[in-house]
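Descriptive structure summary
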Amino acid sequence: MQTNTNNFSWFQVPEDIKNLLILAAQTWDNTSESEKYIHQALAKTGDNTDVLVAAYRFFYYKNNYSLALQTTVKLLDKIKEIENLPDDWEQLKPILVNRKEDPQIRLYLNAYAASGLVLANLGAIEQAKEISTRVKQIDEKNDFGAGILLDILTRPAEEDD
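Below is a short write-up of the structure. Along each chain, residue indices are assigned from 1 in the same order as the chain's sequence is written. Only residues with pLDDT of at least 70 are given local features in this predicted model, and only at 80 or more are side-chain atom pairs given and counted; all residues enter the totals for whole chains, interfaces and linings. By convention in this description, side-chain values take in all heavy atoms of the structure and omit both hydrogens and water.

Here, a salt bridge means any side-chain nitrogen of Lys or Arg that lies within 4 Å of a carboxyl oxygen of Asp or Glu. A full pass over the atoms with the stated rule returns 12 salt bridges. A salt bridge links Glu140 to Lys100; the nearest nitrogen and oxygen atoms lie 2.9 Å apart. In this pair, Glu140 is assigned in the loop between helix 7 (125-138) and helix 8 (146-154) and Lys100 in the loop between helix 5 (89-98) and helix 6 (103-121), connecting sequence segments 40 residues apart. Residue Glu140 is classed as exposed on the basis of its relative accessible area, which comes to 58%. Among the salt bridges present, the one from Arg106 reaches Glu101, with a minimum N-O distance of 3.5 Å. Each residue is placed in one exposure class: buried if its accessible area under a 1.4 Å probe, protein chains only, is under 20% of its type's maximum, exposed if it is over 50%, and partly exposed if it falls in between. A relative accessible area of 24% means that Arg106 is categorised as partly exposed. Connected via shared salt-bridge partners are Glu83, Arg99 and Asp102. By the criteria applied, helices consist of DSSP H or I runs no shorter than four residues and strands consist of E runs no shorter than two, each listed in order from the N terminus.

Here is the structure:
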């Protein structure tokens, strides 16, 4: 099935990759088929950030949290490489604060917050809390949702009556 990929002009990938992602969406109900297209797109593009974001969303909404986490880590690593970001949080935090409106840094913060959500889904609550706390320190407007996740993770258990 051929689709007009011009409808996705904002997506900065070659036409064959757009077609694979469109096929993944069109075969959504058949998980093994749609996942095959996502894996093909990832294999052909390596660390393309647009494809990594699409793959993360795919895996997350398919409840494949381990692959969603792997994809998010690849995305974070790619942005660190592109932006020459340090690994140490104390060195990284001021950079993120000062550049949080830059598109690549916003993508980094979104992906970092998303990794916290995925970790929570995987049961790694303490890691999810740590990431959510870090993102919340940078995100006073709660643009990245880390504050909401942190509130959920730290909410006291409701008592039974």
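We are not done yet, so read on.
Right, let's talk about unusual backbone geometry for a bit. At Asn63, a residue that is not glycine, the phi angle is positive and equals roughly 60 degrees. Within the secondary structure layout, Asn63 lies in the loop between helix 3 (49-61) and helix 4 (65-83).

Counting 47 residues, the largest nonpolar core has Ile38, Phe59, Leu96 and Tyr108 as its most contacted members. Of all elements in the fold, only helix 1 (15-26), helix 2 (31-45), helix 3, helix 4, helix 5, helix 6, helix 7 and helix 8 reach the threshold of two or more residues within this core. The element that contributes the greatest number of residues to this core is helix 6, accounting for 10 residues. Whether two residues touch is decided by their heavy atoms; if any such pair falls within 4.5 Å, the residues are in contact. Discounting chain neighbours no more than four positions away, the residues touching Phe59 are Glu35, Ile38, His39, Leu42, Asn64, Leu67, Ala68 and Thr71. Each nonpolar core is a collection of buried residues, namely Ala, Val, Leu, Ile, Met, Phe, Trp, Tyr and Cys, held together in the definition by side-chain atoms within 4.5 Å.

Counted at 1.5 Å a residue, the expected span for helix 4 with its 19 residues is 27 Å, and the 26 Å between its end C-alpha atoms agrees. What helix 4 keeps buried is the set Tyr65, Leu67, Ala68, Leu69, Thr71, Thr72, Leu75, Leu76, Ile79 and Lys80. Looking at the buried residues of helix 4, the elements they touch are helix 2, helix 3 and helix 6. Looking one or two residues past helix 4, Asn84 carries a phi angle of roughly 55 degrees, positive in sign. By definition here, a helix of n residues has an expected span of 1.5 Å times n minus one.

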